[in-house]
Amino acid sequence: AQSVTQLGSHVSVSEGALVLLRCNYSSSVPPYLFWYVQYPNQGLQLLLKYTTGATLVKGINGFEAEFKKSETSFHLTKPSAHMSDAAEYFCAVTGGGADGLTFGKGTHLIIQP
Amino acid sequence: GAVVSQHPSRVICKSGTSVKIECRSLDFQATTMFWYRQFPKKSLMLMATSNEGSKATYEQGVEKDKFLINHASLTLSTLTVTSAHPEDSSFYICSARDPGGGLGYTFGSGTRLTVV
């Protein structure tokens, strides 16, 4: 079984500031981890994923995340926030195989001008 | 990349009627698709796993008779909300495993269901 905890339902940063969205997971098997972004009334767009190999994963739009097994974390970062980054962000985990994804509750990212 | 088309994007129906939502994989075959439900300002909850040619696997607490899933072909899965009630109003999203063996999931654009 898997679970995901996203700390902070809302995160507000200034434009140009560092973005840090936290994600901790629990998994009984080696996890596969994902970050998705969702804009209002739309589906989910994949930002990045970790399956195996390099623990620092680079994604689209300047986002990256680091898988830290010892901390069971997969935090999402972006060096410089842009207004267009304002959206809902979801961390998700799966054990692979035929399993679907287990999502965190989401973090609403607010960008202050 | 892989594309999943979901239709309709919005639907309003009367209480007691049934609504069908379609999820199609474009240009690839999806033996497995997933259906999620998202409540307002809440996370996505996996409802069921749809397997081509066999019965869907429902998550605990999901009513099988209310949420009928059919995966009759390798490119189409449907979710039918039967005898809909206002509490069934929600955002429903489907997803398919990406082709090619890599571990990825592509999502449809979602369906906003409102039951009046």
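This one's a predicted model, so the numbers in the text were calculated from it and none came from an experiment.

Definitions and limits used
Residues numbered from 1 in each chain as written. Chains lettered and ligands numbered in written order. Predicted model: local features only at pLDDT ≥ 70, side-chain atom pairs only at ≥ 80, totals over all residues. Heavy atoms only, no water. 1 Å grid on protein atoms, 1.4 Å probe; cavity = no way out; pocket = protein on both sides within 12 Å on 5 of 7 lines; lining within 4 Å. Points joined across faces, edges and corners; volume = space filled by probe spheres on them. Helix = DSSP H or I, 4+ residues; strand = E, 2+ residues; numbered from the N terminus. Nonpolar A, V, L, I, M, F, W, Y, C, P; charged D, E, K, R; others polar. Contact = heavy atoms within 4.5 Å. Buried area = accessible area lost by both parts, 1.4 Å probe. Salt bridge = Lys/Arg side-chain N within 4 Å of Asp/Glu carboxyl O. Polar contact = N/O pair within 3.5 Å; in protein donor to acceptor, adjacent residues only side chain to side chain.

J.: Would you mind showing me how to read the layout of surface pockets here?
T.: Space left empty within the atom packing is revealed by a probe, the size of a water molecule, rolled over the atoms. Taken as a whole, the largest pocket encloses approximately 700 Å³ of empty space. Breaking the lining of the largest pocket down by element, the ones donating at least two residues are β1 (2-5) and β10 (87-94) of chain A. Space inside the second largest pocket adds up to approximately 430 Å³. Surrounding the second largest pocket, 20 residues form its lining, Leu101 of chain A together with Met45, Leu46, Met47 and Glu59 of chain B being those nearest its centre. Looking at the lining of the second largest pocket, the element that brings in the most residues is strand β5 (residues 44-51) of chain B, giving 5 residues. Tallied by class, the residues present in the lining of the second largest pocket amount to 11 nonpolar, 6 polar and 3 charged.

J.: I tried to follow the interface of chain B and chain A on my own but got confused; where do I start?
T.: The figure often quoted for interface size is the accessible area lost as the parts come together. Between chain B and chain A, the contact holds 19 residues from the first and 21 residues from the second. Between chain B and chain A, roughly 1,500 Å² of surface is buried when both sides are summed, and carbon and sulfur atoms account for 55% of that area. Viewed at the interface, chain A and chain B are joined by 0 salt bridges. Counting across the interface, chain B meets chain A through 6 residue pairs in polar contact (both at pLDDT 80 or more). Those elements that place two or more of their residues in the side of chain B that touches chain A are β4 (32-38), β5, β9 (90-97) and β10 (105-107) of chain B. Its residues assigned to classes, the side of chain B that touches chain A shows 9 nonpolar, 6 polar and 4 charged.

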